[in-house]
Amino acid sequence: MKFFIDTANLNEIKEANDLGILDGVTTNPSLMAKEGIKGQDNILKHYVDICNIVDGDVSAEVIATDYEGIVKEGEALSALHPQIVVKVPMIKDGIKAIRHFSDNGIKTNCTLVFSAGQAILAAKAGATYVSPFIGRLDDVSTDGVDLIAQIAHIYNIYDFKTEVLAASIRHSMHIVKCAEVGADVVTCPLKPILGLLSHPLTDIGLEKFLADHKKA
Ligand code: G3P
């Protein structure tokens, strides 16, 4: 399973990358705004800065919602750096654009996916990744991890090559549950990744080992 970090914060990206477990980065317009990145030139430069930190796929989201606009914007994003993956919303024109990108060797991440039907369409269009938002489903009392399992099952039956990228992950247990049901990728903020490290018995055990070593 690949680990992507879901942030536009360069320090957090560096910290995750330094752990040696990072396979890529996902961003979205909200995450870019959170870091105060404004203006087209700054936004494009920021994507390149991210690509220069991590050796892996970096999702950069289009703002356009019409086919021609998505294609134009996506081609410009893709030309920025070989690691860029064009993130496209799950809408009718988005699916058409994903087919265009796929036919032209441009990697895509189909975002804002909340149902298996949407995930089937994304795979049929040739998306590289499909991003079901599990935390936002949990927010409305629908099991997000169940959707990951359902999509992974369907993709497995038909041998779809699209990778299931579990997004909107809120805590460490989401990561473990996504791993159990066969997500290809999880993307989340740094905190849930670091949460995987922690166990009180590890801390107690280490303290005892070090104390016994001193006595020896
Ligand atoms: O990758 C999608 C993610 O950024 C959305 O997360 O927590 O805003 O639902 P959240």
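Residues numbered from 1 in each chain as written. Predicted model: local features only at pLDDT ≥ 70, side-chain atom pairs only at ≥ 80, totals over all residues. Heavy atoms only, no water.

1. Focus on the packing of aromatic side chains
In this description, a pair of aromatic rings is defined by centroid distance and the angle of the planes. What counts, and what does not: In this scheme Phe, Tyr and Trp rings, the latter by its six-membered ring, pair at centre separations within 6.5 Å, and the angle between planes marks the pair as stacked below 30 degrees, edge-to-face above 60, and tilted otherwise. Strands here mean DSSP runs of E at least two residues long; helices mean DSSP runs of H or I at least four residues long; both are numbered from the N terminus. A 1.4 Å probe rolled over the protein chains alone gives each residue an accessible area, and that area as a share of the maximum for its type sets the label: buried under 20%, exposed over 50%, partly exposed in between. For a lysine, the NZ atom is tested; for an arginine, the CZ atom; a charge sits over a ring if that atom is within 6 Å of the ring centre and within 35 degrees of the ring normal.
The final tally for this structure, using the stated rule, is 4 aromatic pairs. A centroid spacing of 5.6 Å and a plane angle of 75° characterise the contact between Phe4 and Tyr129, whose relative ring orientation is edge-to-face. Taken together, the residues span a long stretch of sequence, with Phe4 in strand β1 (residues 2-6) and Tyr129 in strand β6 (residues 129-132) at a distance of 125 residues. The exposure class assigned to Phe4 is buried, which follows from its relative accessible area of 1%. Ring geometry for Tyr155 against Phe160: centres 5.5 Å apart, planes inclined by 75°, an arrangement best described as edge-to-face. Overall, Tyr155 belongs to the buried group, its relative accessible area being 5%. Taking relative accessible area as the criterion, Phe160 reaches 21% and is therefore assigned partly exposed. Of the aromatic side chains, those joined through ring pairs into one cluster are Tyr155, Tyr158 and Phe160. It is Lys96 that lies over the ring of Tyr67; its NZ or CZ is 5.0 Å from the centre.

2. Overview of the sheet that holds strand β5 (residues 108-113)
To keep it simple, the criterion reads: When DSSP finds at least two bridges between two strands, those strands are taken to pair. Here the axes come from fitting lines to C-alpha atoms, over the contacting stretch only for helices, and the angles between their N-to-C directions go from 0 to 180 degrees. Here, residues are in contact when the closest pair of their heavy atoms is within 4.5 Å.
Taking strand neighbours around the barrel as the criterion, the 8 strands line up as β1-β2-β3-β4-β5-β6-β7-β8 in a closed arrangement whose pairing is parallel. Averaged over all pairs of adjacent strands, the angle between their axes in this sheet comes to 30°, without regard to strand direction. In terms of strand pairing, strand β3 (residues 57-61) meets strand β4 (residues 84-89) through 4 bridges, oriented parallel. Each bridged residue has a counterpart across the sheet, and for Ala60 the counterpart in β4 is Val86. Lying over the sheet, helix α6 (residues 116-124) contacts β5 and β6, oriented at roughly 165° with respect to β5.

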